[in-house]
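Take a look at the letters that make up each chain.
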Amino acid sequence: MSDYIEVKKLCKTYTVYKRKKLRREKRLIEAVKDVNFNVKRGEFLGYIGPNGAGKSTTIKMLTGILTPTSGEASVAGYCPWKHRKAYVRNLGAIFGQKTQLWWDLPVKDSYAVLKAMYKVPDGKFRNQLNYLVERLEITEFYSQPVRQLSLGQRMRAELAASLIHDPEILFLDEPTIGLDVVSKHGVLKFLRELNENGKTIFLTTHDLNDIETLCKEILIINHGKLIYKGTLSDLKKMAGLPRLLKIRLKEDSFRLNEEQKNILDDYSGYYNEENREITLKLFDSQNPAELAKILFQKFHIEDFKIQEPGIEEVVKDIYRN
Amino acid sequence: METFKALFIASLKSQTEYRFNFIMDIILSGLAIFSDFMITLVILSNFKDMAGWNLGEIALIYSIIEGGWGIFRLFGEGLHRFQELTLSGRFDVMLIRPVSTVKQVMLQKFQFRRLGVIGQAVGVGIIGALYADMASPGFFVVYCILIVLSAMLIFSVNLILSAIAFWTIRNEDILVLASYSMRTAAYYPLNIYADFVKIVLTFIVPMATAAYYPMSYLSGKTDSIFALIAPILSLIVFMPLSFWLWKQGEKHYSSTGS
């Protein structure tokens with residue numbers, strides 16, 4: 001059987017005009033270049049890339065909003081931009097910046113309108129609504145117009161709106177943007193629950209910690225090109241970034257002598273005098289215990305820790321290369 | 001239809017939240033448009049007729065155009081403000097719903113205050129019909145049909161103008177030029193204009209076919225049955241054209257950055 005999402009040679013080119021002295025000039029911008037990937041049903045996929053890398057353009061093509069310049073895609077057997085109306089019945093989407101609720105309508109009326117649009121049967125609608133309202137704690141603002149909601153409330157209302165017709169696949173573009181720690185935790189927990197119940201989720205976010213907590217599989221795009229597809233742990237291994245060894249010196253001995261400086265050079269470390277903090281790179285070939293022994297002999301150490309490279313560092317490293 | 005009902009009820013509820021406000025809105029919006037017509041009326045009353053059309057007949061032309069406009073704005077406020085959707089990228093959201101985008105844009109919000117516009121248009125129409133000595137049950141049936149056809153024609157024209165925003169993102173200026181000015185021009189008998197304007201109002205922005213032609217048949221100025229069915233003829237051409245153009249535009253839609 002073929003995969004749930006299949007993307008083949010997907011390209012999207014925008015035409016922009018740039019004003020020159022006498023006449024304007026036509027310029028083509030390749031937002032997405034020859035992107036290929038497959039996603040299995042039930043996956044929780046993280047899609048990351050810097051601003052302007054082509055993330056949103058890809059998502060918009062996969063949700064049927066944009067028609068690509070060339071290439072093919074199929075999601076659950078549909079081509080998103082060709083079979084738009086049939087396809088979107090089974091799709092839920094959130095675009096963090098844009099509301100899909102009706103600004104002037106109370107939250108509950110918005111759901112009634114969506115029920116009608118998706119032709120959700122009464123019984124199914126009642127069950128789904130009860131589940132969502134309870135699970136996302138919507139009761140407190142259920143009858144308020146959308147424009148009066150706080151950002152956190154609105155995002156919960158949006159999530160419920162995208163799930164009222166119980167779609168199989170969810171496209172989430174920055175669903176945690178602007179949320180405080182507590183609301184964010186709630187949203188992430190809910191998303192994981194959805195995935196465990198079998199929904200396929202396609203998530204883009206700037207917050208790499210979200211990705212780290214939720215996604216097993218990730219895609220990385222930069223300059224319109226797909227540069228990585230695989231698991232997060234493989235990515236970390238592949239990047240081969242060193243662990244970092246950080247030590248803070250005691251207050252009375254923050255000036256380094258020659259011998260200490262030499263040690264720093266040997267281990268390609270650097271010293272931040274303001275924080276009295278030394279950072280050394282710890283490659284796999286080195287024995288941390290040996291190194292620690294030397295350090296404790298030569299330095300007056302107040303604090304000592306070893307840091308695993310986070311996804312932030314890994315991704316930063318990838319963008320650079 | 002289900003969607004229509006749900007949105008209609010929801011809109012009605014949110015707009016009647018402040019009842020006094022709601023009713024004042026309807027009355028004021030009717031009066032505002034009516035005051036435009038009053039100015040014309042005052043000027044006309046010095047002449048008694050205009051290019052062979054008496055005051056009552058002109059009132060009927062005005063009323064058919066304005067009634068259609070009122071109906072269009074009652075349901076089609078979203079289409080009228082379509083540029084806001086393309087500029088903000090909110091049109092994205094409509095593309096992920098299993099309902100035609102035209103319907104969704106139209107039904108974004110019902111503007112119940114346009115009931116005032118429809119009310120004053122029908123008022124002017126009834127007075128006009130009495131003044132022109134045309135009032136009869138049969139006439140009013142035709143009159144109602146003409147208003148509905150006029151609304152459909154105005155919808156078609158506006159759908160075309162809105163579709164332009166898929167390419168240009170903004171369509172404000174062309175909307176003012178082609179929709180507002182042509183509508184105002186169509187308030188008056190076509191034969192007062194130069195040939196160029198006659199051609200534009202008949203074939204390009206065919207607002208004259210909504211009221212002027214059928215009225216010239218009904219008031220006995222021409223015997224051609226084509227004049228009476230002119231709005232149907234232009235709808236046959238413009239309705240499919242407008243939907244086709246919209247479809248093309250939808251494919252061309254380029255959204256906005258996030």
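Throughout, a residue's number is its position along its own chain's written sequence, starting from 1. Following the order in which they are written, the chains are lettered starting with A and the ligands numbered starting with 1. Two thresholds apply to this predicted model, a pLDDT of at least 70 for residue-level local features and 80 or more for giving and counting side-chain atom pairs, whereas whole-chain, interface and lining totals are computed over all residues.

Observations concerning the overall build of chain A
Consideration 1: Numbering of helices and strands starts at the N terminus; helices are DSSP runs of H or I of at least 4 residues and strands are runs of E of at least 2. Each helix and strand counted, chain A has 11 helices and 13 strands in total.
Consideration 2: Taken against the 2.2 N^0.38 rule, which gives 20 Å for 321 residues, the C-alpha radius of gyration of chain A at 25 Å runs more than 25% over that of a compact globule.
Consideration 3: Expressed along its principal axes, the backbone C-alpha trace of chain A runs to roughly 75 × 55 × 50 Å.
Consideration 4: Counting other C-beta atoms within 10 Å of a residue's own tells you its class, since 20 or more makes it buried, 12 or fewer makes it exposed, and anything in between is partly exposed; those C-beta atoms are placed from the backbone. Within chain A, buried positions represent 34% of all 321 residues.
Consideration 5: Nonlocal contacts in chain A, meaning residues at least 24 apart in sequence, comprise 71% of its contacts between residues at least 6 apart. C-alpha atoms define the radius of gyration, and 2.2 Å times the number of residues to the power 0.38 defines the globule rule. Note on contacts: each residue gets a C-beta atom placed from the backbone, and two residues are in contact if those atoms are within 7 Å.

Comments concerning the overall build of chain B
Consideration 1: The secondary structure content of chain B amounts to 13 helices and two strands.
Consideration 2: The C-alpha radius of gyration computed for chain B amounts to 19 Å, which stays within 12% of the reference 18 Å derived for 258 residues, consistent with globular compactness.
Consideration 3: Each principal axis of the C-alpha distribution contributes one length, and for chain B these read about 60 × 45 × 30 Å.
Consideration 4: Split into buried and exposed, the 258 residues of chain B put 43% on the buried side.
Consideration 5: Sequence separation of at least 24 residues holds for 77% of the intrachain contacts in chain B that already meet a minimum separation of 6.

Focus: the interface of chain B and chain A
Consideration 1: At the interface, 21 residues of chain B touch 28 residues of chain A.
Consideration 2: Secondary-structure elements contributing two or more residues to the side of chain B that touches chain A are helix 1 (2–15) and helix 5 (91–95) of chain B.
Consideration 3: At seven residues, the largest contribution of residues to the side of chain B that touches chain A is made by helix 1 of chain B.
Consideration 4: Asp, Glu, Lys and Arg are counted as charged, while Ala, Val, Leu, Ile, Met, Phe, Trp, Tyr, Cys and Pro are counted as nonpolar; the rest, among them Gly, fall into the polar class. Across the side of chain B that touches chain A, the residue classes break down as eight nonpolar, seven polar and six charged.

A short note on the environment of A:Val16
All names here are of chain A.
Consideration 1: Mapped onto the elements of the fold, valine 16 is located in strand 1 (residues 5–19).
Consideration 2: Judged by the 10 C-beta atoms lying within 10 Å of it, valine 16 is exposed.
Consideration 3: In the structure, valine 16 is positioned 100 residues away from alanine 116 in sequence and 39 Å away in space, judged by C-alpha atoms.
Consideration 4: Excluding its chain neighbours within four sequence positions, the residues that come into contact with valine 16 are Arg27 and Ile29.

A look at the pairing of strand 1 of chain A
Residue and element names in this part refer to chain A.
Consideration 1: Pairing between two strands requires that DSSP report at least two bridges joining them. When strand 1 meets strand 4 (residues 70–75), the two strands line up antiparallel, connected through five bridges. Within strand 4, the residue paired with valine 7 across the bridge is alanine 73.
Consideration 2: By the bridge criterion, 12 bridges tie strand 1 to strand 2 (residues 24–39) in an arrangement that is antiparallel. Counterpart to threonine 15 in the pairing with strand 2 is leucine 28.
Consideration 3: Where strand 1 folds back onto strand 2 in an antiparallel hairpin, the turn is made up of four residues.

Digging into the sheet that holds strand 6 (residues 169–173) of chain A
All names here are of chain A.
Consideration 1: In space, the six strands of this open sheet follow the order 5-6-7-3-8-9, with mixed pairing throughout. Whereas interior strands pair on both sides, the edge strands pair on one side only; in this sheet they are strand 5 (91–95) and strand 9 (225–231). Going across the sheet, the axis of each strand differs from the next one's by a mean of 15°, ignoring polarity.
Consideration 2: Note that strand 3 (residues 44–48) and strand 7 (residues 200–204) share four bridges and pair parallel. Paired with phenylalanine 44 across the bridge in strand 7 is isoleucine 201.
Consideration 3: Every axis in this analysis is a line fitted to C-alpha atoms, fitted for helices over the stretch in contact. Angles between the N-to-C directions lie between 0 and 180 degrees. Sheet strands touched by helix 1 (residues 55–62): strand 3, strand 6, strand 7 and strand 8 (217–222). Its angle to strand 6, the strand with the most contacts, is close to 150°.
Consideration 4: Running at roughly 115° to strand 9, helix 8 (residues 232–239) makes contact with strand 8 and strand 9 of the sheet.

Thoughts on the nonpolar core
Consideration 1: The biggest cluster of nonpolar side chains holds 136 residues, and the ones touching the most others in it are A:Leu45, B:Ile61, B:Ile65, B:Ala186 and B:Ala211.
Consideration 2: Here this core takes 16 residues from helix 8 (residues 137–168) of chain B, the largest share from any one element.
Consideration 3: Residue contacts for B:Ile65: discarding those within four places in its chain leaves B:Ser150, B:Arg183, B:Ala186, B:Tyr187, B:Met207, B:Ala210 and B:Ala211. Each nonpolar core consists of buried Ala, Val, Leu, Ile, Met, Phe, Trp, Tyr and Cys residues. Their C-beta atoms, within 7 Å, join them into a set.

Quick notes on the environment of A:Gly49
Residue and element names in this part refer to chain A.
Consideration 1: The residue glycine 49 is located in the loop between strand 3 and helix 1 in this model.
Consideration 2: Residue glycine 49 is classed as buried on the basis of its C-beta count, with 25 C-beta atoms lying within 10 Å.
Consideration 3: The spatial distance from the C-alpha of glycine 49 to the C-alpha of arginine 154 is 26 Å, given a sequence separation of 105 residues.
Consideration 4: If we skip the residues at most four places from it in the chain, glycine 49 touches Gly54, Lys55, Ile220, Ile221 and Asn222.

Observations regarding the packing of helix 8 of chain B against helix 9 (residues 172–185) of chain B
Residues and elements named next belong to chain B.
Consideration 1: Interaxial distance between helix 8 and helix 9 falls to 10 Å at its minimum, and their mutual angle equals 165°. Our classification of the angle between helix 8 and helix 9 gives roughly antiparallel. The crossing of helix 8 and helix 9 is right-handed. On helix 9, the residues that touch Val157, Asn158, Leu161 and Ile164 of helix 8 are Ile174, Leu175, Ala178 and Ser179.
Consideration 2: The residue inventory of the contact of helix 8 with helix 9, partitioned by class, reads six nonpolar, two polar and no charged. Relative orientations are named as follows: roughly parallel for angles under 35 degrees, roughly antiparallel for angles over 145 degrees, roughly perpendicular for angles from 65 to 115 degrees, and oblique for any other angle. Left-handed is the label given to a crossing in which the near helix is rotated counterclockwise from the far helix by less than a right angle, and right-handed is the label when the rotation is clockwise.

What about the confidence of the model for chain B?
Consideration 1: Predicted confidence across chain B gives a mean pLDDT of 86, with 97% of residues reaching 70 or more.
Consideration 2: Prediction confidence for the complex, expressed as pTM and ipTM, is 0.79 and 0.77 respectively. pLDDT gives the predictor's per-residue confidence on a scale running from 0 to 100.

Structural notes on the sheet that holds strand 12 (residues 277–282) of chain A
All names here are of chain A.
Consideration 1: In spatial order, the strands read 11-12-10-13; together these four strands make up an open sheet with antiparallel pairing. Each edge of the sheet is formed by a strand with only one pairing partner; in this case those strands are strand 11 (270–272) and strand 13 (301–307). The average angle at which neighbouring strand axes cross in this sheet is 20°, direction not considered.

Description of unusual backbone geometry
Consideration 1: Phi at A:Glu137 is positive, roughly 50°, even though this residue is not glycine.
Consideration 2: Among the structural elements, A:Glu137 can be located in the loop between helix 4 (122–135) and helix 5 (151–163).

Looking at helix 7 (residues 115–131) of chain B
Consideration 1: What a helix is expected to span follows from its residue count: subtract one and scale by 1.5 Å. Helix length check: helix 7 of chain B (17 residues) gives 24 Å between terminal C-alpha atoms against 24 Å at 1.5 Å per residue, within 8%.
Consideration 2: Within the span of helix 7 of chain B, buried status applies to B:Gly116, B:Val117, B:Ile118, B:Gln120, B:Ala121, B:Val124, B:Gly125, B:Gly128 and B:Ala129.

Some words on the packing of helix 3 (residues 55–80) of chain B against helix 8 of chain B
Residues and elements named next belong to chain B.
Consideration 1: Two numbers describe how helix 3 lies on helix 8: the axes approach to 7 Å, and their chain directions differ by 45°. Taken together, the axes of helix 3 and helix 8 lie oblique to each other. Note that helix 3 runs across helix 8; the crossing there is right-handed. For the pair helix 3 and helix 8, contact is made by Ile64, Ile65, Gly67, Gly68, Trp69, Ile71, Phe72, Gly76, Leu79 and His80 and by Leu146, Ile147, Ser150, Ala151, Leu153, Ile154, Phe155, Asn158, Leu159 and Ser162, respectively.

Points about the confidence of the model for chain A
Consideration 1: Looking at chain A, the pLDDT average stands at 86 and 98% of residues meet or exceed 70.
Consideration 2: Averaged pLDDT values over the elements of chain A bottom out at 75 in helix 11 (residues 311–320) of chain A and peak at 94 in helix 4 of chain A.

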